[in-house]
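# Descriptive analysis of the structure
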Amino acid sequence: MNTPRCAPKEHRSDAPWLPASLLAADRAFTLLGKCCNGLIIAALAKGPADFAQIHDHVPGIGDRMLAERLRELAAVDLVTRTVPPGPSSRTLYALSPHGNAFLIPLAAVMVWAEDHFPATGSPATE
């Protein structure tokens, strides 16, 4: 399986001349624009899942990258991590209330993307 190649993006949120709303949006786009984060959130939209289930729904992601992304999303409270009691329990990941709140704009972005960046061919032109 091919691992997605994701180049690190420079973060511009240290630009003090930008309004607070644009700084917040820049931080959000930086986080959510990281390779596979949107796909991970979409994979958790139907409910809690373990690592293997998330991995199955995010094509091409490596184990190390998925673990890193889940840690990052949990650190900003978009994803929760629960380890049920018991010796052979699997860690479950779920969207937090903040993660669930992102599903509405994610759906809008998906509709926009389907209209303007179809899966086949070149981006739509009007």
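Here we summarise the structure given alongside this text.

Cut-offs applied
- Per chain, the residues get numbers from 1 upward, laid out in the order the sequence is written.
- Owing to the predicted nature of the model, reporting of local features is limited to residues with pLDDT of at least 70; listing and counting of side-chain atom pairs is limited to 80 or more, with chain, interface and lining totals taken over all residues.
- The basis for every side-chain value is the complete set of non-hydrogen atoms in the structure, without hydrogens or water.
- Numbering of helices and strands starts at the N terminus; helices are DSSP runs of H or I of at least 4 residues and strands are runs of E of at least 2.
- Helix span, expected: 1.5 Å multiplied by one less than the number of residues in the helix.
- Here, two residues are considered to be in contact whenever any of their heavy atoms come within 4.5 Å of each other.
- Any Lys or Arg side-chain nitrogen located within 4 Å of an Asp or Glu carboxyl oxygen qualifies as a salt bridge.
- Each residue gets one of three labels from its accessible area relative to the maximum for its type: buried under 20%, exposed over 50%, partly exposed in between, using a 1.4 Å probe on protein chains only.
- When DSSP finds two or more bridges between two strands, those strands count as paired.

### Digging into helix 1 (residues 20-32)
In this model helix 1 runs 18 Å from its N-terminal to its C-terminal C-alpha over 13 residues, within 8% of the 18 Å that 1.5 Å per residue would give. Its buried side turned inward, helix 1 meets helix 2 (37-43) and helix 4 (63-75).

### A few points about the pattern of salt bridges
Inspection of every chain in the model, using the stated rule, returns four salt bridges. Across the pair glutamate 72 and lysine 34 runs a salt bridge whose closest N-O atoms are separated by 3.1 Å. Here lysine 34 lies in the loop between helix 1 and helix 2 and glutamate 72 lies in helix 4, a separation of 38 residues in the sequence. Among the residues examined, glutamate 72 registers a relative accessible area of 19% and is labelled buried.

### Looking at the pairing of strand 3 (residues 92-95)
Direction of pairing for strand 1 (residues 49-50) relative to strand 3: antiparallel, over a ladder of two bridges. Within strand 3, the position partnered with alanine 49 by the bridge is tyrosine 93. Where strand 2 (residues 79-82) lies against strand 3, four bridges are found, and the strand directions are antiparallel. Across the sheet, threonine 82 pairs through a bridge with leucine 92, a residue of strand 3.

### Re the sheet that holds strand 2
Read across the sheet, three strands follow the order 1-3-2 without closing on themselves; strand pairing throughout is antiparallel. In this open sheet, the two strands that pair with only one neighbour each are strand 1 and strand 2.

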